[in-house]
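Summary of the model geometry
Read off the chains here:
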Amino acid sequence: MKILISGASVAGPVLAYWLHRYGFEPTVVERTPAMRHGLGGHAVDLFGPGAEVARRMGCWDAIEAARTRIESMTIERFGKRPVHVDLSRLYAGISGSHVEILRGELTKILSDATRAGTEYVFGDSIATLHDDGAGVDVTFESGDERRFDLVIGADGMHSTVRRLAFGPEESMRRPLGGYLAVFSMPDVLDLGNGMVAHFSVDRIVAGYGVHQTGQTRAGFLFRTPHELHYDYRDKDEQKALLAKEFRDYGWKAPLLLEHLPAAEDFYFDSISQITLDTWQRGRIGLVGDAGFCPAPAVGGGTSLAVVTAYILAGELAAARSDLPSGLRNYERTVRRMVDLSRAIGPKVMRTLIPGSPTALKLMPFAAAAVPKLPTSVQRFIWSQNAVGKALSSVPLPDYSDLTRVPRAA
Ligand SMILES: Cc1cc2nc3c(=O)[nH]c(=O)nc-3n(C[C@H](O)[C@H](O)[C@H](O)COP(=O)(O)OP(=O)(O)OC[C@H]3O[C@@H](n4cnc5c(N)ncnc54)[C@H](O)[C@@H]3O)c2cc1C
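For the structure given in this document, a descriptive report is provided here. (Residues numbered from 1 in each chain as written. Predicted model: local features only at pLDDT ≥ 70, side-chain atom pairs only at ≥ 80, totals over all residues. Heavy atoms only, no water.)

**A few points about the sheet that holds strand β4 (residues 72-77)**
Strand order across the open sheet formed by 7 strands is β5-β4-β13-β14-β15-β12-β16, with mixed pairing between neighbours. Both edges of this open sheet fall to β5 (83-86) and β16 (267-274), since each of them pairs with a single strand only. Averaged over all neighbouring strand pairs, the angle between strand axes comes to 20°, with direction disregarded. Against the sheet, helix α7 (residues 235-246) makes contact with β12 (173-186), β14 (203-210), β15 (215-223) and β16, and its axis sits at roughly 70° relative to β15, the strand it touches most. Lying on the sheet, helix α11 (residues 323-352) is in contact with β12, β13 (194-200), β14, β15 and β16; it crosses β12 at an angle near 65°. (Pairing = 2+ DSSP bridges. Helix = DSSP H or I, 4+ residues; strand = E, 2+ residues; numbered from the N terminus. Axes fitted to C-alpha atoms, helices over the stretch in contact; angles between N-to-C directions. Contact = heavy atoms within 4.5 Å.)

**Here we look at the pairing of strand β6 (residues 99-102)**
The alternating pattern of β6 places Val 99 and Ile 101 and Glu 100 and Leu 102 on opposite faces, both of which are buried. Bridging between strand β3 (residues 43-46) and β6 involves 4 bridges; their strand directions are antiparallel. Following the sheet pairing, Ala 43 is matched in β6 by Leu 102. (Buried < 20%, exposed > 50% of the residue type's maximum accessible area, 1.4 Å probe, protein only.)

**A word on the packing of helix α2 (residues 48-56) against helix α10 (residues 301-319)**
The packing of two helices is summarised by the inter-axis angle and the distance between the axes. Running from N to C, α2 and α10 cross one another at 55°; their axes reach a closest spacing of 8 Å. Classified by the interaxial angle, the pair formed by α2 and α10 is oblique. For α2 against α10, the interelement crossing comes out left-handed. Along its contact with α2, which presents Pro 49, Gly 50, Val 53 and Arg 56, the element α10 presents Ser 303, Val 306, Val 307 and Tyr 310. Classifying every residue of the contact of α2 with α10 gives 5 nonpolar, 2 polar and 1 charged. (Parallel < 35°, antiparallel > 145°, perpendicular 65-115°, else oblique. Left-handed = near helix turned anticlockwise from the far one by under 90°. Nonpolar A, V, L, I, M, F, W, Y, C, P; charged D, E, K, R; others polar.)

**Concerning the packing of aromatic side chains**
Within this structure, the stated rule accounts for 18 aromatic pairs. Between Phe 220 and Phe 246, the aromatic rings sit 4.9 Å apart at their centres with planes inclined by 70°, giving edge-to-face as the arrangement. Separated by 26 residues along the polypeptide, Phe 220 in strand β15 and Phe 246 in helix α7 bring together distant segments of the chain. Note on accessibility: Phe 220 and Phe 246 belong to one class, buried. Taking the centre distance of 5.6 Å and the plane angle of 55° together, the rings of Phe 246 and Tyr 249 count as tilted. Judged by its relative accessible area of 10%, Tyr 249 falls in the buried class. (Phe/Tyr/Trp six-rings, centres within 6.5 Å; stacked < 30°, edge-to-face > 60°.)

**Brief notes about the site of the ligand**
Taken together, 32 residues form the shell around the ligand, and within it Ser 9, Glu 30, Arg 36, Arg 103 and Thr 160 come nearest. At 2.9 Å from an oxygen atom of the ligand is found a main-chain nitrogen or oxygen belonging to Ala 11. Residue Ser 125 places a side-chain N or O atom 3.0 Å away from a nitrogen atom belonging to the ligand. Notes on the ligand: free accessible area 1,000 Å², of which the protein chains cover 91%. At the level of secondary structure, the elements contributing two or more residues to the shell around the ligand comprise β2 (25-30), β3, β12 and α10. (Near = heavy atom within 4 Å. Polar contact = N/O pair within 3.5 Å; in protein donor to acceptor, adjacent residues only side chain to side chain. Areas by Shrake-Rupley, 256 points an atom, 1.4 Å probe, with all protein chains shown as cover.)

**Re α11**
The end-to-end C-alpha distance of α11, which contains 30 residues, comes to 41 Å, matching closely the 44 Å that a straight helix rising 1.5 Å per residue would cover. Along α11, the largest kink reaches about 45° and is centred on Val 334. (Expected span 1.5 Å × (residues − 1). Bend = angle between axes of the 7 residues up to and from the residue.)

**Topic: the sheet that holds strand β9 (residues 136-140)**
The sheet built from 3 strands is open, its strands ordered β8-β9-β10 with antiparallel pairing. In the strand order of this sheet, the two ends are held by β8 (126-131) and β10 (145-148), each with one partner. Here the strands of the sheet are splayed against their neighbours by 20° on average, with no regard to which way each runs. Taken together, the 5 bridges between β8 and β9 define a ladder with antiparallel strand orientation. Each bridged residue has a counterpart across the sheet, and for Asp 131 the counterpart in β9 is Val 136.

**Quick look at the pattern of salt bridges**
Within this structure, the stated rule accounts for 16 salt bridges. Salt-bridge contacts for Arg 146 lead to Glu 119; the nearest nitrogen and oxygen are separated by 2.9 Å. You can see Arg 146 sitting in strand β10 and its partner Glu 119 sitting in strand β7 (residues 119-122), a full 27 residues away along the chain. Exposure remark for Arg 146: the relative accessible area of 30% places this residue in the partly exposed category. The salt bridge partner of Arg 173 is Glu 227, with a shortest N-O separation of 2.8 Å. Of this pair, Arg 173 sits in strand β12 while Glu 227 sits in the loop between β15 and α7, and the two are 54 residues apart along the sequence. On the accessibility criterion, Glu 227 (35% relative accessible area) is partly exposed. Connected via shared salt-bridge partners are Arg 162, Glu 169, Arg 173 and Glu 227. (Salt bridge = Lys/Arg side-chain N within 4 Å of Asp/Glu carboxyl O.)

Purely geometric stuff here, so don't read any function into it on its own.
Below, the structure written as structure tokens:
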């Protein structure tokens, strides 16, 4: 059976990998002209059941080897002494299987694992979908026309499949009141393997070193009283908006912003959730951020994308000839995990960016104190962590008896 997946980042390759192992024929269409391989983009986390899925794919050693290796963070504020945080002790305390990795690196490793059994189509996008009950007729922006047994949107927060099959994004996007920008630049701050973050009320400016490239990744987080209106595809408009927001910030922001015009991997978006409450309709389904983005950088979206893609493939394999019922079983299985994940973002947003002078005063000391605690105490704190609890709320199913194609060596 032929399954079309839109999006080749995290959820897409994981889904393709497992579908192939269960004997399906996956095709992945990706809008970018080539695979998102490499060292651009932002750092993401993989842990808990997400790490376990990567282990079952035989990818874990490569993921661990590619981790970011940011070992220290300096927190700065106007008029205060810097506070130093030892992140190497923090990671040891979180768990033995928590990795921070650049998304491009993760995509490379996951998609390399799919080479044997997946057709990739780059530089194209689904234009129309018609589900007639027995299959889905798909037209592409390139003009191609094909028919598939099932179509899955793994195409992120601004999913095209979701728009075509479930409705406009505005009706199912919940802004959490913040914005996030990230881009690469030369290491003018001399960060090496370190990170520096400057905090003020409603604003964070940060930079961290990317050891593989010797560059710095600059990050800007801010809150506004009203939603900003911009075209999410128009990078020049977003760059101008960011420059205006931080024009008068001070600290090292002007130095970072000097490199904004040349940034090729610039990312800017609102910190928003997707609130849709169903992720399947007939022979069309959604997975990862496309279906239930818990909000970038605040809800464990990467591990959620990995785990839900694994469960989706398993439930389709279990249902075999009745794919719509496989989609419904997938939705039932992941619902609690998704609901709990989406409950986290609004709470995290209240503390992530200091919202008051008191929060600004306390936050750096809380951040510095945790890595100094004994590892066992840190593990206890992390075991209470909402993201970990959400992902572990559904035991990771074992679908190994459904495997038809052995793992590539
Ligand atoms: C700045 C930033 C920081 C983040 N930090 C963290 C973090 O610290 N920890 C964490 O766990 N998560 C973090 N996230 C979230 C994480 O990146 C996502 O949750 C995760 O990447 C979701 O994977 P996905 O495959 O579902 O979607 P995405 O990674 O968004 O991938 C969607 C893919 O679909 C493609 N696509 C889009 N439209 C189309 C189309 N029409 N046709 C074909 N292809 C299309 C895109 O090009 C992309 O390759 C962060 C996100 C951002 C933006």
